[in-house]
Amino acid sequence: TAGDGVKTVYVQFMDGAEHTPGDVCSGNISVSNATVNINDTIGFDVTKPNTTHAAPTTWQKDDVDVVLTIQDPTVNSVSSGVNLTEYCIDQVAVGATPAVDCVPNLTLTGNTITLDQTLAGFAHEYFVRYASTDNAGNLQDTVTEHIKIDKILPTTSDDTIGGWLSGSLTVG
């Protein structure tokens, strides 16, 4: 049957010639009636791995760690295990979107992607993309996470004339 699980494979080899019990068959295999039956069990994993994340969805004022949970689900007692997770990061100005989505091609070591806003004086939006591959070669669909970091302190200004005043002043 198709799908994940442990399967038994049966193979029968026959040399096609007339033999009597005890004859030696082609390939130097000695069997009765020139037939060899072999069976073995193998595991099939056709389920994609599943990678999820824990990251904030609101604006952050500090660096952000995107923590990934990486799993290869066990289906019918079979899981080949996760082989690798790859990621990429698009960094854009606030309100912009990447002209072209990056393609995950950096191998993740561990389970954390750290986003640190390295350009002082700018707020940035990040698009983190990741996908995992299991040991059977099943590739997860790429997941995109949108993260926003703003380390810029707010500033204010006014248009008053400065100095001491006597009387009322309207600020508007």
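Residues numbered from 1 in each chain as written. Predicted model: local features only at pLDDT ≥ 70, side-chain atom pairs only at ≥ 80, totals over all residues. Heavy atoms only, no water.

Caption draft 1: View of unusual backbone geometry. In this model, asparagine 76 sits at a positive phi of 50°, which is unusual for a non-glycine residue. By secondary structure assignment, the location of asparagine 76 is in the loop between β6 (64-71) and β7 (82-93). Non-glycine residue serine 77 carries a positive phi angle of around 70°. On the secondary structure map, serine 77 appears in the loop between β6 and β7. Taking the relative accessible area as the measure of exposure, serine 77 reaches 67% and is therefore exposed. (Helix = DSSP H or I, 4+ residues; strand = E, 2+ residues; numbered from the N terminus. Buried < 20%, exposed > 50% of the residue type's maximum accessible area, 1.4 Å probe, protein only.)

Caption draft 2: Representation of the state of the cysteines within the structure. One pass over the full model with this rule turns up 1 disulfide. Covalent S-S linkage joins cysteine 88 and cysteine 102, the inter-sulfur distance amounting to 2.0 Å. Taking the sign of the S-S torsion, 80° for the link of cysteine 88 and cysteine 102, the bridge is right-handed. Note that cysteine 88 is positioned in strand β7 and cysteine 102 in the loop between β7 and β8 (106-107), a separation of 14 residues in sequence. Cysteine 88 gets classed as buried once you look at its relative accessible area, which sits at 4%. (Disulfide = S-S within 2.5 Å.)

Caption draft 3: Summary view of the pattern of salt bridges. Scanning all chains against the criterion turns up 5 salt bridges. Here aspartate 63 ties to lysine 151 by a salt bridge, and the two come within 2.4 Å at their closest N and O atoms. Linking aspartate 63 in the loop between β5 (50-54) and β6 with lysine 151 in the segment after β11 (143-150), this pair joins segments that are 88 residues apart in sequence. Judged by relative accessible area, aspartate 63 falls into the partly exposed class, the value being 40%. Arginine 129 is paired through a salt bridge with aspartate 90; the nearest N and O atoms lie 2.6 Å apart. Within this pair, whereas arginine 129 is found in strand β10 (residues 123-134), its partner aspartate 90 is found in strand β7, the two being separated by 39 residues in sequence. In this structure arginine 129 comes out as buried when scored by relative accessible area, which is 5%. (Salt bridge = Lys/Arg side-chain N within 4 Å of Asp/Glu carboxyl O.)

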